[in-house]
Structure formats: structure tokens, C-alpha cells
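The lines below spell out each chain.
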Amino acid sequence: MKGYATKLVLVFSTICAMCVSLDSMAQSDAQLSQYWTVRNYYNPAATGTTDYVNIRAGARMQWVGIPNAPQNFIVAAESPFKIATKRIGAGLVMNQESIGLFSTTNLSAQLSYKLNLFKGVLSIGIQAGFVSQNFRGTEVRLPDGEGSEGGESGDNSGTSGGTDVGVPQTDVKGSAVDFSAGAYYEHKYFWAGLSIMHFTQPALSLRAGENDEKAYEAQIGNMYYFMAGSNIPVKNTLFELQPSLLLRSNIKFTQLDLTMRAVYNKFISFGIAYRTGDAISALIGVEFKNFFFGYSYDYSVTAISRASSGSHEIFGGYRLKLNLGEKNKNKQKSIRIM
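Residues numbered from 1 in each chain as written. Predicted model: local features only at pLDDT ≥ 70, side-chain atom pairs only at ≥ 80, totals over all residues. Heavy atoms only, no water.

**Observations concerning the overall build of the protein**
Inference 1: On a plain count of helices and strands, the protein comes out with two helices and 18 strands.
Inference 2: Counting only residues that meet the buried cut, the protein has 47% of its 338 residues in that class.
Inference 3: Considering only contacts in the protein between residues 6 or more positions apart, those separated by 24 or more positions represent 59%.
Inference 4: Within the structure as shown, the protein displays about 16,500 Å² of accessible surface, and the carbon and sulfur contribution to it stands at 63%. (Helix = DSSP H or I, 4+ residues; strand = E, 2+ residues; numbered from the N terminus. Buried < 20%, exposed > 50% of the residue type's maximum accessible area, 1.4 Å probe, protein only. Contact = heavy atoms within 4.5 Å. Areas by Shrake-Rupley, 256 points an atom, 1.4 Å probe, with all protein chains shown as cover.)

Structural data, given as C-alpha cells:
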């Protein structure tokens, strides 16, 4: 079993080192188990849906125990405001991800427009941002014999010989403008949203410097997201059930998160989740005087569990009530932990 785990680690590290090549596709969205706490991270239309300024910050450490595993740090904020009689939503999102020798930073601003529809509110949103990516090519270690040049095949240390024209041997970086869009509907009894992130599929030219003629192309592929959830009060109790789901797809790859949480007295929540082909999760959250804290633990249901002790995710946040001069017709404290 130990040997198998070691192979998994080596395979993972090699993939991370090899994943920059000409015309490669890179994905920069974090995989979050507590997706409902930062809905505007996946959908720019999910902004300004309550009378609160909501601020969230969190970190995810994936596949603990495996070198170069993904790590994410996220900050998301969203708020309503009014222009004349029109209600508008605005948001800011920042994500910093490291995986292998990659580090990617996304910084985006969001704006959404509200329409009353079928006793609920439909939001149409757009997001404009900036994505930058670095690759630490000086730390690349390819096994001898890999690529176009290599040393003696008897050395399996992977620290001295191999080269590959598709993998930079120097530190390179690049940046590009990024756009996303979405629609989000919130009703008294449920919410749902559909979005397409990175719909312009920004291309990044990774170079060692501005004057470097050699560039390695990386592209942020678009990703489709569908989110939905509801609130079900348990009769004659202080409990509420909050089922939700997140479907992500780029057509070639599709994954579904199914979540069931129970909330007691609008104070503490706990639940379980399943991510198809990946992991099961245990979740807990607490809300107290406008403060929020949430934690989730993921246990992989794949062979990766032999090399990793699991994934950890924490979120904290604060909300501030705004006076917009009117009653929020779509205010739902119980739909999510604010």
C-alpha cells in the first residue's frame, strides 16, 4: 500500500510539472464544498439579493499529504445598492490558487440588474476581471530520458536530466482580461442560478520577461455552473432542512455536488455532501450576531485516499445591514446562513 501511495504522489507531481505546454488549457476556479456561502464566486448575478453587505473569506487545502496539491484562498463580497428606483447588485471576488508549480490569481468586479418576476427576483449579472498566472519553471524536475533530451535511463530520481520543449525551464508569467456572466433567481421558497465563467476563454502568453520572444500559451477554458437550493422548515421544531446542489461542466467534463444541511434555530448548521467521482464531505457552520464560520472536511472516494488524509476548507464572514429605504421583498434569512 505504501508503494502504491508513493506512485500516486509521483504521478501527481509529474502531471503538475507537465501541465504547461503549447495550447494547454488551464482551469482556475476553486472546487468548494461550501459553495452556497459564496454564490457570487460561481455566478456574478448572485449579488445584492438581500439588504446586507456580505463579506466572506476562506481557504481550501486539498488532498493534504500530497506534495504540490491544490490550495486556494478566496475573498468574496457582495452588496445591493439603488440607482433611482432600480435595485442593483455589486460584488468583488478574489481567488489565489496554487497547484504544483502553478500559481493563478483572479480579481474580478461584478454587477447585476434586478427584475421582479413570478413573486421572486431575477438577476442578470456580468463579471469583468483580470487573471494572472505564474509557473516556476526553475523548479521543474523531469526524469532522465523524458522529452527531447535526457540523461542515462538508469537514474529514476527525476532530478537531473530530462527536458521537454513544452515545459518551461525558467520562471514565466502572463496575464489576460477575463469575462463571465450569469442569471440568478431567488424566490421565497428556493433559489437557482446558471452561469458561464470565462466565456471569452482568455489566452495567456507566459514569458520569462516582457522582452522574451519565447512564449508558452495557456488558456482559461470556460465552465458552466448551475446552482440551486431550498429551505424546508420541519414542522413543530426549530430545525430547517436546506438541500442544495452545484453542477459544473465544460461539456467534456461534468461533476455534481449534492448537499443536505440541517439548521437549528438559525444558529448552527451541519450536513453531509457527495461530489460525484471524488469525495464525501462533512460540514458544520455557526452564525452569531452577523458573524459566520464554516468548516468542511472531504474524504476522497477514489484511490487518492491512499496518499491523502483528506481535504479541509474553512470560511469566515460578516454581514452588515443596509437601509435602502424600502422593505426587501425577497429577504430570506433561512435560505442560507448569512
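**Thoughts on unusual backbone geometry**
Inference 1: Phi at Ile 251 is positive, roughly 80°, even though this residue is not glycine.
Inference 2: Here Ile 251 shows up in the loop between β13 (239-249) and β14 (254-264).
Inference 3: Of note, the phi angle at Asn 290 is positive, near 75°, even though the residue is not glycine.
Inference 4: With respect to the helices, strands and loops of the structure, Asn 290 is situated in the loop between β16 (279-288) and β17 (291-300).

**Quick look at the side chain of Ser 108**
Inference 1: Here Ser 108 lies in strand β5 (residues 102-117).
Inference 2: Here Ser 108 falls in the buried class, since its relative accessible area comes to 8%.
Inference 3: Engagement of the side chain of Ser 108 in a polar contact is seen with the side chain of Gln 127, the distance being 3.3 Å.
Inference 4: Beyond its immediate stretch of four places on either side in the chain, Ser 108 contacts Gly 91, Leu 92, Val 93, Gln 127, Ala 128, Gly 129 and Phe 130. (Polar contact = N/O pair within 3.5 Å; in protein donor to acceptor, adjacent residues only side chain to side chain.)

**Focus: the packing of aromatic side chains**
Inference 1: Evaluated as defined, the whole model comprises eight aromatic pairs.
Inference 2: Seen from their ring centres, Tyr 42 and Tyr 225 are 4.8 Å apart, and the 45° between their planes marks the pair as tilted. Of this pair, Tyr 42 sits in helix α2 (residues 39-42) while Tyr 225 sits in strand β11 (residues 223-230), and the two are 183 residues apart along the sequence.
Inference 3: For Tyr 42, a relative accessible area of 1% gives the class buried.
Inference 4: For Tyr 225, a relative accessible area of 3% gives the class buried.
Inference 5: Ring centres 5.8 Å apart and planes at 40° place the aromatic pair Tyr 185 and Phe 190 in the tilted group.
Inference 6: Using a relative accessible area of 35% as the deciding quantity, one classes Phe 190 as partly exposed.
Inference 7: Ring-pair connections join several aromatic residues into one group, and the members of that group are Tyr 41, Tyr 42 and Tyr 225.
Inference 8: Above the plane of the ring of Trp 191 lies Arg 39, whose end atom (NZ or CZ) is 3.7 Å from the centre. (Phe/Tyr/Trp six-rings, centres within 6.5 Å; stacked < 30°, edge-to-face > 60°. Lys NZ or Arg CZ within 6 Å of the ring centre and 35° of its normal.)

**Concerning the pairing of strand β4 (residues 86-99)**
Inference 1: Of the strand pairs in this sheet, strand β3 (residues 71-83) and β4 are connected by 13 bridges, and their pairing is antiparallel. Residue Phe 81 lies in a different strand from β4, and its bridge partner there is Ile 88.
Inference 2: Connecting the antiparallel pair β3 and β4 is a turn made up of two residues, with Ala 84 showing a positive phi of about 60°.
Inference 3: Pairing of β4 with β5, which is carried by 12 bridges, proceeds in the antiparallel orientation. For Ser 98, the partnering residue across the bridge sits in β5 and is Ser 103.
Inference 4: Hairpin connection of β4 to β5: two residues between the antiparallel strands, including Gly 100 at a positive phi of 60°. (Pairing = 2+ DSSP bridges.)

**What to know about the pattern of salt bridges**
Inference 1: Under the criterion given, the structure shown has 10 salt bridges.
Inference 2: Residues Lys 266 and Glu 240 are paired through a salt bridge, measuring 3.5 Å at the closest nitrogen-oxygen approach. Of this pair, Lys 266 sits in the loop between β14 and β15 (268-275) while Glu 240 sits in strand β13; the two residues are 26 residues apart in sequence, bridging distant segments of the chain.
Inference 3: A relative accessible area of 46% means that Lys 266 is categorised as partly exposed.
Inference 4: What makes Glu 240 buried here is its relative accessible area of 10%.
Inference 5: Bridged by salt links that share partners, the residues Arg 60, Arg 248, Asp 257, Arg 275, Asp 278, Asp 298 and Glu 313 form one connected network. (Salt bridge = Lys/Arg side-chain N within 4 Å of Asp/Glu carboxyl O.)

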